[in-house]
Amino acid sequence: MKTEIISKIDNLAQQDVVLPLSREFNDLTDQFYAIIKEEERAWEIKKLELIEAGEKPEAIQKPVDQEFDNFKAVVALFKNKRQTEIDARNEVEGNNLNIKKTLISQLKELVANEEHIGKAITAIKEIQTKWKSTGAVPRDKRQSIEKDYSTLMDDFRYNINIYKEIQEHDLKRNYSLKNKIIFDLKELHNEKSIKKTQGALNEMITQWDEIGPTFQEKWEELKEEFWGNVNQLRDKIRAFYVAQA
């Protein structure tokens, strides 16, 4: 059984990408240590039997477990490869975070100072394109930076569009669309699959950011309800991954 487990861990370690295999790896190591624990118990019983049969305790030598050395070797191989992938991911996510911070600074400048509608719209589209094409950032920074971006996008739309371009029917349509997203978020609380929940949540946040502004007097209420549901769902997702660690 131990040989089979070692073989399975070695097979995991030989894969091109091992990080997604961590849960399977952890299960296998738990199985191996459970066997080791049982063998230790059996050895202690045998040792007592030998002593009772007249052998001196100091003369009793525990058999060398070559399989345990093999186990430690494949475990180290997997962990080293996984750490390399984690380091590479962290570096990429760190770079993405810096890119998004730069985009937020540009967005702040645009919101504060750009009054020319044509230039502002062109600039905002460039920022949106770069933002969407930039990959993931560190998990502990995602909520904060996404909220900053979303808030600034909302500020931009109010400053540039509400009083100059958006007509009453647009405000009504956007209000309806944002309420629909809030309704869908509430429905998402009933989803059992964390993977589906996470995918749907990310899609809804993207949709929310892309919807234009709505009634000023309704905005704070909408934002509070939207982010309240988003944060509850994120807490649910975060708790799931913490439990898997």
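A few points on the structure. Since the structure is predicted, the reported quantities are computational estimates derived from the model, not experimental observations.

Counting its secondary structure elements, the chain contains 8 helices and 0 strands. Across the chain, helices and strands are ordered from the amino to the carboxyl terminus as α-α-α-α-α-α-α-α. Computed over C-alpha atoms, the radius of gyration of the chain comes to 28 Å, more than 25% over the 18 Å expected from 2.2 N^0.38 for 245 residues, which places it beyond the range of a compact globule. C-alpha extents for the chain along the principal axes are approximately 100 × 35 × 25 Å. When contacts within the chain are restricted to residue pairs at least 6 apart in sequence, those whose partners lie at least 24 apart make up 80%.

Right, let's get into helix α8 (residues 216-244). Under the 1.5 Å per step criterion, the end-to-end length of α8 is 42 Å for 29 residues, consistent within 8% with the ideal 42 Å. Listing the buried residues of α8 in full gives Trp-219, Leu-222, Lys-223, Phe-226, Trp-227, Asn-229, Val-230, Leu-233, Arg-234 and Ile-237.

In this section: helix α7 (residues 194-210). Its 17 residues give α7 an end-to-end C-alpha distance of 24 Å, which sits within 8% of 24 Å, the value for a rise of 1.5 Å per residue. All of the buried residues in α7 are Ile-194, Thr-197, Leu-201, Met-204, Ile-205, Trp-208 and Asp-209. In an axial view of α7, the angular spread of the buried residues amounts to 135 degrees, which keeps them on one side of the axis. In α7, the exposed residues that point more than 90 degrees away from the buried face are Lys-195 and Lys-196. The residue sitting at the N-terminus of α7 and contributing the capping side-chain oxygen is Ser-193; that oxygen lies 3.5 Å from the backbone nitrogen of Lys-195.

Here the focus is the side chain of Asp-209. When you line up the elements, Asp-209 lands in helix α7. Within polar-contact distance, the side chain of Asp-209 engages the side chain of Ser-150 at 2.7 Å. For Asp-209, the contacting residues outside a window of four places in its chain are Tyr-149, Ser-150 and Arg-157.

Now for the packing of aromatic side chains. Across all of its chains, the model carries 12 aromatic pairs by this definition. Pairing Phe-32 with Tyr-33 gives two aromatic rings, centres 6.4 Å apart and planes at 90 degrees, and the pair type is edge-to-face. Centroid distance Trp-131 to Tyr-149: 3.9 Å. Interplanar angle 5 degrees. Geometry classified as stacked. With Trp-131 in helix α4 (residues 117-133) and Tyr-149 in helix α5 (residues 139-162), the pair connects residues that are 18 residues apart, well separated along the chain. A relative accessible area of 9% places Trp-131 in the buried class. For Tyr-149, a relative accessible area of 5% puts it in the buried group. Among the aromatic residues, ring-to-ring pairing joins Phe-32, Tyr-33, Phe-68 and Phe-71 into one connected group. Lying over the aromatic face of Tyr-241, Arg-139 brings its terminal NZ or CZ to 4.8 Å of the ring centre. When the ring centre of Trp-208 is taken as origin, the NZ or CZ atom of Lys-178, which lies over that ring, is 3.9 Å away.

Definitions and limits used
Residues numbered from 1 in each chain as written. Predicted model: local features only at pLDDT ≥ 70, side-chain atom pairs only at ≥ 80, totals over all residues. Heavy atoms only, no water. Helix = DSSP H or I, 4+ residues; strand = E, 2+ residues; numbered from the N terminus. Rg over C-alpha atoms; globule rule 2.2 N^0.38 Å. Contact = heavy atoms within 4.5 Å. Expected span 1.5 Å × (residues − 1). Buried < 20%, exposed > 50% of the residue type's maximum accessible area, 1.4 Å probe, protein only. Arc of directions from axis to C-beta. Polar contact = N/O pair within 3.5 Å; in protein donor to acceptor, adjacent residues only side chain to side chain. Phe/Tyr/Trp six-rings, centres within 6.5 Å; stacked < 30°, edge-to-face > 60°. Lys NZ or Arg CZ within 6 Å of the ring centre and 35° of its normal.

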